Amino acid sequence: MKVYLTEYIHEKALQKLNNYFEVVDEAKICDAVITRNITIDKEWMNSAPNLKIIAIHGTGTDSVDLDEAKKRGISYFNVPNENSLSVAELNVSLILELSRNIQNGVNHILSGDKELAPRYLSGYEISGKTVGFIGLGQIALKTAEILYKGFNMKILGYSRSKKNIDYIQEVELDNLLKDSDYVVLGLALNSETKYLLNYDKLSLMKKNSFLINTARGGLVNKEDLIKVLEEKRILGYAADVFEIEPINENDPLLKHNVIALPHIGANTDEALYRVGIRCVDNLIDYFKL
């Protein structure tokens, strides 16, 4: 059986893959594909006429046209939860970076400015503050646990399904936006959640609050986000996900207090190993090897 990789996987997962499959560099001859971030749509499937199964290297399935796969009898699976801790730790990192003006501090050094401690680099402590999670999946819950136990933060949550965790106060979306010092997105992207955060919703946030997005770029209307940043309705935004990735270096969003990263939330050695091995094991099971 032939497997096509759209991007790299962990070296140990690749070693195991090579023990059972032939790894090829052309989609047109593959029986299976392991995909991380590229779009697998009708056109892509047309280029792979022998495709039998799509292995999604991670949790999100929005990059794959699942309806088209079903029509063609192509199987698929994702690997949920194995990278949750890595993304959660990135969430915490971005909260701290925004709060302490880390990016602006780096830019200050690189500019050659000799002023030792500019007033604009004054930041905020996060201990005791309120963080709200829109979506309470595994990534959000792991992030919440770190912030609650490590920083004594008050945790608000908004989710369609109740979680009943003693330290998470579950509230309506508008209340979460109004009361949070930090808002963390943790939703899947679909027709119901696309542009969930538009101008009206973003304007509900505190003027000294921050928004963190390691979920999906399409959850936030970028033009509305730029507008609220221009109007100083929120203090800053941090993300490793954008509707078009990578984000263009001249994108107007980057003119504001924004930390923009490549899509690295799950890019740790440990998470890549766990997800990669699960993908390979699932393919072995599927083909009964």
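Residues numbered from 1 in each chain as written. Predicted model: local features only at pLDDT ≥ 70, side-chain atom pairs only at ≥ 80, totals over all residues. Heavy atoms only, no water.

### With respect to a negative patch on the surface
Together, Glu11, Glu89, Asp269 and Glu270 make up a region of like negative charge exposed at the surface. Tracing the backbone shows Glu89 in helix α4 (residues 84–99). Since its relative accessible area comes to 43%, Glu89 is described here as partly exposed. (Patch = residues over 30% accessible without salt bridge, like charges linked within 9 Å, V, L, I, M, F, W, Y side chains within 5 Å. Areas by Shrake-Rupley, 256 points an atom, 1.4 Å probe, with all protein chains shown as cover. Salt bridge = Lys/Arg side-chain N within 4 Å of Asp/Glu carboxyl O. Lys, Arg positive; Asp, Glu negative; His and termini not counted. Charge placed at Lys NZ, Arg CZ, Asp CG, Glu CD. Helix = DSSP H or I, 4+ residues; strand = E, 2+ residues; numbered from the N terminus. Buried < 20%, exposed > 50% of the residue type's maximum accessible area, 1.4 Å probe, protein only.)

### Quick notes on the pattern of salt bridges
Two side chains that carry opposite charge are able to pair once their charged atoms sit near each other. Per the counting criterion, the structure on display carries 14 salt bridges. Residue Asp181 is joined to Lys206 by a salt bridge in which the shortest nitrogen-to-oxygen separation is 3.0 Å. Here Lys206 lies in the loop between α8 (199–202) and β10 (210–213) and Asp181 lies in the loop between α7 (173–179) and β9 (182–185), a separation of 25 residues in the sequence. Through salt bridges with shared partners, a single network forms among Glu82, Arg274 and Arg278.

### Points about the side chain of His10
Here His10 is to be found in the loop between β1 (2–5) and α1 (11–20). His10 gets classed as buried once you look at its relative accessible area, which sits at 8%. A polar contact of 3.0 Å, which involves the side chain of His10, links it to the side chain of Asp269. When neighbours within four sequence positions are excluded, His10 is seen to be in contact with Asp269, Leu272 and Tyr273. (Polar contact = N/O pair within 3.5 Å; in protein donor to acceptor, adjacent residues only side chain to side chain. Contact = heavy atoms within 4.5 Å.)

### Focus: empty space enclosed by the protein
Enumeration over the complete set of coordinates arrives at one cavity of 30 Å³ or more. Its boundaries defined by the atoms lining it, the largest cavity holds a volume of some 40 Å³. As for the largest cavity, its lining consists of Glu97, Leu98, Asn101, Ile102, Gln103, Asn104, Asn257 and Ile259. The element contributing the most residues to the lining of the largest cavity is helix α5 (residues 102–111), with three residues. The residue makeup of the lining of the largest cavity, split by class, is three nonpolar, four polar and one charged. (1 Å grid on protein atoms, 1.4 Å probe; cavity = no way out; pocket = protein on both sides within 12 Å on 5 of 7 lines; lining within 4 Å. Points joined across faces, edges and corners; volume = space filled by probe spheres on them. Nonpolar A, V, L, I, M, F, W, Y, C, P; charged D, E, K, R; others polar.)

### Considerations on helix α6 (residues 138–151)
In an α-helix, one turn spans 3.6 residues; hence positions three or four apart end up facing the same way. Given a rise of 1.5 Å per residue, 14 residues ought to cover 20 Å, and the 19 Å separating the end C-alpha atoms of α6 matches this to within 8%. All of the buried residues along α6 are Ala140, Leu141, Thr143, Ala144 and Leu147. Buried residues of α6 fall within an arc of 165° about the axis and therefore sit on the same side. Pointing more than 90 degrees away from the buried face of α6 are the exposed residues Lys149 and Gly150. Looking at the buried side of α6, the elements it contacts are α4, β6 (130–134), β7 (154–158) and β8 (168–170). Among the residues trailing α6, Asn152 stands out with phi positive, at a value near 55°. (Expected span 1.5 Å × (residues − 1). Arc of directions from axis to C-beta.)

### Comments concerning the packing of aromatic side chains
In the structure shown here, the tally under the stated rule is six aromatic pairs. With a centroid separation of 6.2 Å and an interplanar angle of 40°, the aromatic rings of Tyr4 and Trp44 are classed as tilted. Highlighted residues: Tyr4 in strand β1 and Trp44 in helix α2 (residues 42–46), separated in sequence by 40 residues. Looking at Trp44, the relative accessible area reads 14%, which means it is buried. Pairwise contacts between aromatic rings join Phe21, Tyr286 and Phe287 into one cluster. Sitting above the plane of the Tyr199 ring, Lys227 keeps its charged end 4.6 Å from the centroid. (Phe/Tyr/Trp six-rings, centres within 6.5 Å; stacked < 30°, edge-to-face > 60°. Lys NZ or Arg CZ within 6 Å of the ring centre and 35° of its normal.)

### Brief notes about the sheet that holds strand β3 (residues 32–35)
Taken together, the five strands give an open sheet; going across it, the order is β2-β1-β3-β4-β5, and neighbouring strands pair in parallel fashion. Sheet topology places β2 (22–24) and β5 (75–77) at the edges, where each strand pairs with a single neighbour. The mean inter-strand angle of the sheet, taken between neighbouring strand axes irrespective of direction, is 25°. With three bridges connecting them, β1 and β3 associate as parallel partners. Directly across from Leu5, in β3, lies its bridge partner Ile34. Here helix α10 (residues 269–286) sits on the sheet in contact with β1, β3, β4 (53–56) and β5, set at roughly 160° to β4. (Pairing = 2+ DSSP bridges. Axes fitted to C-alpha atoms, helices over the stretch in contact; angles between N-to-C directions.)

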